[in-house]
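So the chains spell out like this:
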Amino acid sequence: MADTESKIHGEWSSRFAFILAATGSAVGLGNIWKFPYITGENGGGAFVIVYLLCVVVIGIPIMMAETMIGRRGRQSPVNAMKTLAKEASADSRWQYLGWLGVIAGMIILSYYSVIAGWALAYVLKAISGTFMDGSAQQIGGLFDSFVKDPGSQVFWHTTFMILTMLVVVRGVQDGLEKAVRFLMPSLFVLLILLVGYAMNTDAYDQGLSFMFNPDFSKITGNSVLTAMGHAFFTLSLGMGAIMVYGSYLPKNVSITKTAFMVAGADTVVALLAGIAIFPLVFANGLEPSTGPGLIFQTLPIAFGQMTGGVIFGTLFFVLLVFAAFSSSISLIEPAVAWMVENKGYSRLKCCVFLGSLVWLVGLGTVLSFNEWADITILGKNIFELLDFLTANLMLPIGGLLIAVFAGWVMKRQHSQDELQLNNKGLYYCWIVSVRYVSPIAVFLVFMHVIGIL
Ligand code: TRP
């Protein structure tokens, strides 16, 4: 079966290729843009600890579950869920889980593309030397006037969407595999360089202690929800992205090992970004809680002062755009894969249709930073609302259902087969997590936030 199917469906050339693609999906704006600013907004150390705990206890087991479901189902998430539900003689309504993911992915991409557009715009600013010797005030002013201008944001958002869809039209593996292979390590090297710069500021210790000295009095129910939601977001979990990639995974590859490697790489990148940014925040007398503009208001100060800053700055934002790319592709791939499988339209048509839809929704995010900034629901503007809805609600709900499906619905023999965990203890840890720990944790956090507990 695997042979004939792999021809139709395509397969990664190796285990390494899957790790690259999954890491490419995981490492993105979530690590470098979002993690630092939500850490800043939620008081630092204690938030980081909750986030790390969620990655290990909930994230890795659910990543294994998602990869496994994808590999066994071998189709787009909606259809994979349908097939596996049938295999387990379970309710066919499980396929709606695939739907939840398709919609969540498209909403996330709508604002993801706007922020990736910011990074594109900053490539030009860096290359033209705009950051040279800029004070914190000047760099901050630069960002403010940029986000106040809907025109240029729409331009860059449109550019990013077109580029993304061009890659998606050609299929997941083509090009992506090669691009990620060389870009991810470069991004890593640049982050190390930035950390080196941060070490030389006199606020390095202060930055580190902000990130790693927990003050649990700063933690609220909402920050726990944000930390948990971010664990899903940063690992690309809860919406079927990893399921799609898993569906291209050859049979003989260890799902457990790959999950640990992907989660490990993702976490290291996020922590490095934080270590590079917070010393700059304190060295320049800025506030850690300024929100989504944080990296755009801090890193350019460093590029403006260091030797070779024009080159490094340009390179950094170029790589950030590429990291965003390899993530955005996985945000829309479940929708495209489903539409191609079920509607029989060409890949091109599906991409044009879905891409335009996402682009349109993205305009709401652009406007939420200027013209529509005052339009709020539950105290959140459009961008914040979309982010909350997806990262904090839809992904954890999706993740919870995936865990329940893998732990309770799938036959143990099948999950054992797929995970091939010869080590009984490890399999036991996994099944306890997907059966009890993850679902209960997600449920409790929700309950707490709703205010029942
Ligand atoms: N993980 C990516 C990031 O951190 C974003 C992302 C890509 C994602 N694909 C996803 C988030 C699927 C949730 C689900 O930037």
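It should be noted that the structure appears before, not after, this text.
Rules used throughout
- Residues numbered from 1 in each chain as written.
- Predicted model: local features only at pLDDT ≥ 70, side-chain atom pairs only at ≥ 80, totals over all residues.
- Heavy atoms only, no water.
- Near = heavy atom within 4 Å.
- Polar contact = N/O pair within 3.5 Å; in protein donor to acceptor, adjacent residues only side chain to side chain.
- Areas by Shrake-Rupley, 256 points an atom, 1.4 Å probe, with all protein chains shown as cover.
- Helix = DSSP H or I, 4+ residues; strand = E, 2+ residues; numbered from the N terminus.
- Nonpolar A, V, L, I, M, F, W, Y, C, P; charged D, E, K, R; others polar.
- Buried < 20%, exposed > 50% of the residue type's maximum accessible area, 1.4 Å probe, protein only.
- Arc of directions from axis to C-beta.
- Core = buried A, V, L, I, M, F, W, Y, C linked by side-chain atoms within 4.5 Å.
- Contact = heavy atoms within 4.5 Å.

Caption draft 1: Structural view of the site of the ligand. Close to the ligand lie 17 residues; A26, G30, Y112, F233 and S330 are nearest. In the model, an oxygen atom of the ligand is placed 3.2 Å from a nitrogen or oxygen of the L29 main chain. Between an oxygen atom of the ligand and a side-chain N or O atom of N31, the distance comes to 3.4 Å. For the ligand, whose free accessible area comes to 360 Å², the fraction covered by protein is 100%. Secondary-structure elements contributing two or more residues to the shell around the ligand are α2 (15-26), α3 (29-41), α6 (95-127), α11 (221-234) and α15 (309-343). For the shell around the ligand, the residue count by class is nine nonpolar, eight polar and no charged.

Caption draft 2: Fine view of helix α18 (residues 412-419). Along α18, the positions that sit buried rather than exposed are H414, S415, E418 and L419. Looking down the long axis of α18, one finds its buried residues gathered within 120° of arc, a one-sided arrangement. Looking at the residues trailing α18, positive phi occurs at Q420, about 45°.

Caption draft 3: Representation of the nonpolar core. If you look at the biggest cluster of nonpolar residues, it comprises 164 residues, and the most contacted ones within it are W118, F316, F317 and W430. With 19 residues, the top contributor of residues to this core is α6. Once you skip the residues sitting within four places of it in the chain, F317 turns out to touch A119, Y122, V123, A126, F131, F296, P300 and F303.

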